[in-house]
Amino acid sequence: MKLKEHPLASFAYCPRCAAHDFTPSGERAMHCEQCGLTYYANVASAVACVIIDEQGRLLSVRRAHEPAQGTLDLPGGFVDPLETVEEAVARELMEETGLEARAMRYLMSLPNVYPYSGVTVYTSDLFFLVEVDDLDKAVARDDAAEVVISLLSQLRAEDFGLSSIRQAIAYLIEHQDLILPTRRAPLEP
Ligand SMILES: [Zn+2]
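Residues numbered from 1 in each chain as written. Predicted model: local features only at pLDDT ≥ 70, side-chain atom pairs only at ≥ 80, totals over all residues. Heavy atoms only, no water.

### Focus: the coordination of the zinc ion
Consideration 1: Bound to the zinc ion are the protein donor atoms Cys14 (SG), Cys17 (SG), Cys32 (SG) and Cys35 (SG), situated 2.3 to 2.4 Å from the metal.
Consideration 2: What the four donor atoms of the zinc ion show is an angle range of 104 to 115° at the metal, which sorts the shape as tetrahedral.
Consideration 3: Overall, the relative accessible area of 4% leaves Cys14 in the buried class. (Donors = N, O, S within 2.8 Å, 3.2 Å for Na, K, Ca; no water. Tetrahedral: all angles 85-135°; square planar, octahedral: opposite > 155°, others 65-115°. Buried < 20%, exposed > 50% of the residue type's maximum accessible area, 1.4 Å probe, protein only.)

Okay, structure coming up:
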């Protein structure tokens, strides 16, 4: 994927010495002629939780804040400094829904562009299939305005406002066999 514009285009001053002599250096860095700093726009890691029960119902949340306020989303968010990705999955799920992650499995990643307060943040969104005890116990908190539980087969990808999440939902709707929990065989008498 080619960058549309320099990721630090809106940064006019060096963040270390405040010199105005701060100019693009390659596709994703800025260089300060005064103090010599080369500052890179690194991609931020973010996580998204895919939670589906045995009836094929998916847990989603309505976004309480911009960007894409009011659209559907998966529970998740940015990975904190010095935190594992798995810790971020469990923390974000708890913060937004009050649910405890019992188990998780990595599914896939998608690049995303996240407009934040006029600054473009490039993210690597990491999708995890997460098991919980009972998704009906989810309560909307923090960045979530509402919990929405619906059959994956009845979801529309376009109701999800962030592009990587929308792509992931479209993929999951098409590949439900990959993610639906394996039904337990009845016990032999
Ligand atoms: Zn400088």
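Once you've had a look at it, read on.
### A few points about unusual backbone geometry
Consideration 1: The omega angle of the peptide bond from Glu66 to Pro67 is -5°, so this bond is cis rather than trans.
Consideration 2: The residue Pro67 is located in the loop between β5 (57–63) and β6 (72–73) in this model.
Consideration 3: Although it is not a glycine, Ala18 sits at a positive phi angle of roughly 70°.
Consideration 4: Residue position: Ala18 is located in the segment before β1 (22–24).
Consideration 5: At Ala68, a position not held by glycine, the phi torsion is positive, near 60°.
Consideration 6: Among the secondary structure elements, Ala68 is positioned in the loop between β5 and β6.
Consideration 7: On the basis of relative accessible area, Ala68 is assigned to the partly exposed category, the value being 22%. (Helix = DSSP H or I, 4+ residues; strand = E, 2+ residues; numbered from the N terminus.)

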